[in-house]
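Architecture and fold: a report
Chain residues, written in single-letter form:
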Amino acid sequence: MKQFFSVADVPDLSDMLAEALALKRAPFAYEHLGKRKTLGLVFLNPSLRTRLSTQKAALQLGMDVMVMNMDKDGWALETRDGVAMNGNTVEHIREAAAVMGQYCDVLGIRSFPKLADRDEDYSEDLFRKFTKHCGVPVVSLESATRHPLQSFADLITIHEHWQRTQKPKVVLAWAPHVKALPQAVPNSFSEWMCRAQAEGIVDFTIAHPEGYALAEMFTKGAATINSLDEALVGADFVYVKNWSSYDNYGQILPVQGEWMLDNQKLAVTNSAKVMHCLPVRRDLELASEVLDGPQSLVIQEAGNRVWAAQAVLKRMLEGN
Ligand code: AN0
Ligand code: CP
């Protein structure tokens, strides 16, 4: 595997899932695979889970890890080509990425969208340029439009908590927030769930208020509904997440009705398990009674980030 950017980089979803579950059972089975290999993690934005789970995954494969907090410790990066750098940027991504590629066998990069210009964010300019110029395999630690390590961990979590034979009903539920957040997590979750649905693993529904539709390229095959209460009926998994509008790009729109999941809303589900990628704002996005209750999977879900990252890094080290 040369790149882990989207579900399209996984030709065999079921095999990859089985690989992650096998690593969870035997974390050190490949502890020599990464010996004398270096992983570099480059952050242009904050992170708790991605930073720690990916480091842990690499250490369990015997790799060395270097972390670069580019936003705080690096030179201000220029990504545009053909401009004289006479403003605030100090170093071009062409040199910065190429240099980091000299020090690392695998690189990971996190870079959120600016949420100002939709075409710019959705072109994934920074991730693509970084990949092109570093010259080594690159794993996305959340790019402008996707968060594939999160979605992979989410799929692992759903698989683990669904032992019954019939397909689970999975609902992606928009939640309120006070800040404009990226669409990366819901785009990615939807992309992975649409693939899982196409492979007969899940039934997938998206619930969001009017004005919050995700870009079509991520939602092919998903049922979409503008009512949370209707979507929740019979749900087996509810995946809670806020995102800002794609149509009115990066905006927070006025919303009708109550969209925060609480125990009362959860009552119409099939005793649904509740997921969130974290960080979550308690009693704004999700009621604390749900987070603290028996149906919450948020901690197990975060735990599974290790196995998702380890399966990806293993494939990169194996070169297949
Ligand atoms: C980020 C987001 O919504 O994309 C990161 C989530 C993993 N969340 C926040 O900025 C709160
Ligand atoms: N879920 C997730 O990616 O969390 P962090 O932003 O803390 O890495």
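To start, this report covers the structure provided alongside it. Small disclaimer: the values here were computed from a predicted structure and weren't measured.

Moving on, we come to the site of ligand 2. The environment of ligand 2 is made up of Ser47, Leu48, Arg49, Thr50, Arg110, His147, Gln150, Cys277, Leu278 and Arg305. Within the backbone of Leu278, a nitrogen or oxygen atom sits 2.9 Å from a nitrogen atom of ligand 2. When the free accessible area of ligand 2 is taken as 260 Å², the share hidden by the protein chains comes to 93%. The class makeup of the residues in the shell around ligand 2 is three nonpolar, four polar and three charged.

Right, let's get into the sheet that holds strand β3 (residues 64–69). The strands making up a sheet are joined through hydrogen bonds of the backbone, oriented either antiparallel or parallel. Spatially, five strands are ordered β1-β7-β6-β2-β3 in an open sheet, and the strand pairing comes out parallel. Only two strands of the sheet have a single partner each, and these edge strands are β1 (3–4) and β3. Sheet topology note: the strand β6 (residues 106–110)/strand β7 (residues 138–140) ladder contains three bridges and is parallel. Paired with Ile109 across the bridge in β7 is Ser140.

Close to ligand 1 lie Phe112, Glu142, His147, Leu181, Pro182, Lys241, Cys277 and Leu278. For ligand 1, whose accessible area on its own is 330 Å², the fraction buried by protein is 84%. Across the shell around ligand 1, the residue classes tally to five nonpolar, one polar and two charged.

Another aspect to go through is the pattern of salt bridges. Following the criterion strictly, the structure yields 17 salt bridges and no others. For Glu19, the salt bridge identified is with Lys314, shortest N-O distance 3.2 Å. One end of the pair, Glu19, is in helix α1 (residues 13–25); the other, Lys314, is in helix α13 (residues 305–318), with 295 residues separating them in the sequence. Taking relative accessible area as the criterion, Glu19 reaches 16% and is therefore assigned buried. Taking the relative accessible area as the measure of exposure, Lys314 reaches 6% and is therefore buried. Each member of the salt-bridge network shares a partner with another, and the members are Asp12, Glu19, Lys314, Arg315 and Glu318.

Parameters and conventions
- Residues numbered from 1 in each chain as written.
- Chains lettered and ligands numbered in written order.
- Predicted model: local features only at pLDDT ≥ 70, side-chain atom pairs only at ≥ 80, totals over all residues.
- Heavy atoms only, no water.
- Near = heavy atom within 4 Å.
- Polar contact = N/O pair within 3.5 Å; in protein donor to acceptor, adjacent residues only side chain to side chain.
- Areas by Shrake-Rupley, 256 points an atom, 1.4 Å probe, with all protein chains shown as cover.
- Nonpolar A, V, L, I, M, F, W, Y, C, P; charged D, E, K, R; others polar.
- Pairing = 2+ DSSP bridges.
- Helix = DSSP H or I, 4+ residues; strand = E, 2+ residues; numbered from the N terminus.
- Salt bridge = Lys/Arg side-chain N within 4 Å of Asp/Glu carboxyl O.
- Buried < 20%, exposed > 50% of the residue type's maximum accessible area, 1.4 Å probe, protein only.

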